[in-house]
Amino acid sequence: MTVKIAHTPELQKFFAEAAGFTNDDGSSRLKNIVLRVLQDSAKIIEDLDISENEFWKAVDYLNRLGGRSEAGLLVAGLGIEHFLDLLQDAKDAQIGLTGGTPRTIEGPLYVAGAPLFEGECRMDDGSEEGVATQMLLEGQVFDPHGQPLAGATVDLWHANTRGTYSFFDPSQSAYNLRRRIITDAEGRYRVRSIVPSGYGCDPQGPTQECLNLLGRHGQRPAHVHFFISAPGHRHLTTQINLSGDQYLWDDFAYATREGLVGEVVFHESETSGRHAELTFDFQLQAAPDASAEQRSQRPRA
Ligand SMILES: [Fe+2]
């Protein structure tokens with residue numbers, strides 16, 4: 001027999017008290033959110049007949065998730081970060097704010113303050129010379145009318161050949177494979193870098209532990225992350241996922257989208273060996289207001 005009590009007036013009153021509704025202090029916004037979390041958690045426990053063992057296992061899981069700083073990875077892996085993109089797309093469509101390069105998830109591995117260059121630069125520190133394939137990555141940033149945008153900031157970051165990111169991988173030099181480029185008079189950015197590898201969740205980590213129980217892998221295709229910004233234009237958070245990767249359309253974080261596939265072309269030459277070229281252009285939307293020029297206030301490294 002299924003017993004349910006969460007809907008009763010006594011329990012609803014109790015949840016409201018626990019969420020702070022019987023005092024005048026604190027944040028009314030957070031009170032509303034916490035009340036909903038309590039009500040919905042109770043409903044899940046009742047509807048799915050969650051056992052005590054399952055409940056405490058989940059509490060332990062959250063502790064371990066936070067202890068490993070993998071909460072940002074799990075929300076990507078469960079598609080919640082992608083859902084936020086789809087929801088914003090739908091909100092934009094409703095007010096006719098469309099066009100330009102699609103947005104896609106940021107992921108948890110951005111680091112602010114990367115070295116700033118005009119027009120072009122090299123991104124890698126040379127530590128994978130002989131292992132990595134050199135990659136020339138370039139393109140233009142356009143405004144909503146298709147005109148080149150000079151002075152836009154292209155803030156990009158990507159993994160090395162082992163699929164790890166500087167800062168989070170302390171074996172890499174500071175800001176390796178992280179740069180900010182100011183576009184030139186023709187809206188161009190151009191970097192010499194290396195072809196990144198895709199990566200997988202730590203097989204021993206809590207995110208992969210959850211994915212295993214869902215029967216899912218935790219692999220991403222090779223990709224390059226971008227923040228593109230320019231005065232008067234809407235900040236764009238996106239990434240290009242590289243063609244030819246086996247996980248291109250099987251990305252555990254659901255970041256690959258139509259319009260965001262980067263076509264990598266590999267060349268062999270007698271003098272410089274194997275190298276890759278990738279051209280990718282971006283188009284920004286006009287900013288509906290000043291705050292739209294800024295990236296989200298998500299806490300970052
Ligand atoms: Fe990434």
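Residues numbered from 1 in each chain as written. Predicted model: local features only at pLDDT ≥ 70, side-chain atom pairs only at ≥ 80, totals over all residues.

## Digging into the sheet that holds strand 4 (residues 153-158)
Argument step 1. If you trace the six strands from one edge of the open sheet to the other, you get 1-5-4-9-10-11, paired in mixed fashion. Each edge of the sheet is formed by a strand with only one pairing partner; in this case those strands are strand 1 (116-118) and strand 11 (261-262).
Argument step 2. The pairing of strand 4 with strand 5 (residues 178-182) spans five bridges and is classified as antiparallel. Paired with tryptophan 157 across the bridge in strand 5 is arginine 178. (Pairing = 2+ DSSP bridges. Helix = DSSP H or I, 4+ residues; strand = E, 2+ residues; numbered from the N terminus.)

## Quick notes on the environment of glycine 146
Argument step 1. Within the secondary structure, glycine 146 is located in the loop between strand 3 (134-142) and strand 4.
Argument step 2. Counting along the chain gives 50 residues from glycine 146 to glycine 96, while the straight-line C-alpha distance between them is 18 Å.

## What about the domain arrangement of the protein?
Argument step 1. For the protein, the assigned domains read domain 1 (1-50) and domain 2 (74-293).
Argument step 2. Of note, the centres of domain 1 and domain 2, computed from C-alpha atoms alone, are 40 Å apart. (Domains from an automatic or database assignment.)

## Description of the nonpolar core
Argument step 1. Of all hydrophobic cores here, the largest spans 31 residues; its most connected members are Val141, Ala152, Val154, Ile228 and Leu284.
Argument step 2. Broken down by secondary-structure element, the contributors of at least two residues to this core are strand 3, strand 4, strand 6 (188-194), strand 9 (223-229) and strand 10 (236-242).
Argument step 3. Discounting residues that sit within four places of it in the chain, alanine 152 has contacts with Val141, Thr183, Gly187, Ile228, Ser229 and Ala230.
Argument step 4. The next biggest cluster of nonpolar side chains, apart from the first, holds 10 residues, and it includes Leu73, Leu74, Phe252 and Ala253. (Core = buried A, V, L, I, M, F, W, Y, C linked by C-beta atoms within 7 Å. Buried ≥ 20, exposed ≤ 12 C-beta atoms within 10 Å, placed from the backbone. Contact = placed C-beta atoms within 7 Å.)

## Considering unusual backbone geometry
Argument step 1. Non-glycine residue serine 69 carries a positive phi angle of around 55°.
Argument step 2. Structurally, the position occupied by serine 69 is in the loop between helix 3 (52-67) and helix 4 (71-77).
Argument step 3. In this structure, tyrosine 254 takes a positive phi of about 60° despite not being glycine.
Argument step 4. Checked against the element boundaries, tyrosine 254 lands in the loop between strand 10 and strand 11.

## Quick notes on the pairing of strand 4
Argument step 1. Counting buried positions along strand 4 yields five of six residues, so the element is predominantly enclosed.
Argument step 2. Bridging between strand 4 and strand 9 involves six bridges; their strand directions are antiparallel. What sits directly across from histidine 158, in strand 9, is valine 224.

## A short note on the packing of helix 1 (residues 9-18) against helix 2 (residues 28-47)
Argument step 1. Where helix 1 meets helix 2, the axes come as close as 9 Å, and the angle between the chain directions of the two elements is 140°. Considering their axes alone, helix 1 and helix 2 lie oblique with respect to each other. Every pair of crossing elements has a handedness; the one defined by helix 1 and helix 2 is right-handed. Across the interface between the two elements, Phe15, Ala16 and Ala18 of helix 1 pack against Leu35, Leu38 and Gln39 of helix 2.
Argument step 2. Its residues assigned to classes, the contact of helix 1 with helix 2 shows five nonpolar, one polar and no charged. (Axes fitted to C-alpha atoms, helices over the stretch in contact; angles between N-to-C directions. Parallel < 35°, antiparallel > 145°, perpendicular 65-115°, else oblique. Left-handed = near helix turned anticlockwise from the far one by under 90°. Nonpolar A, V, L, I, M, F, W, Y, C, P; charged D, E, K, R; others polar.)

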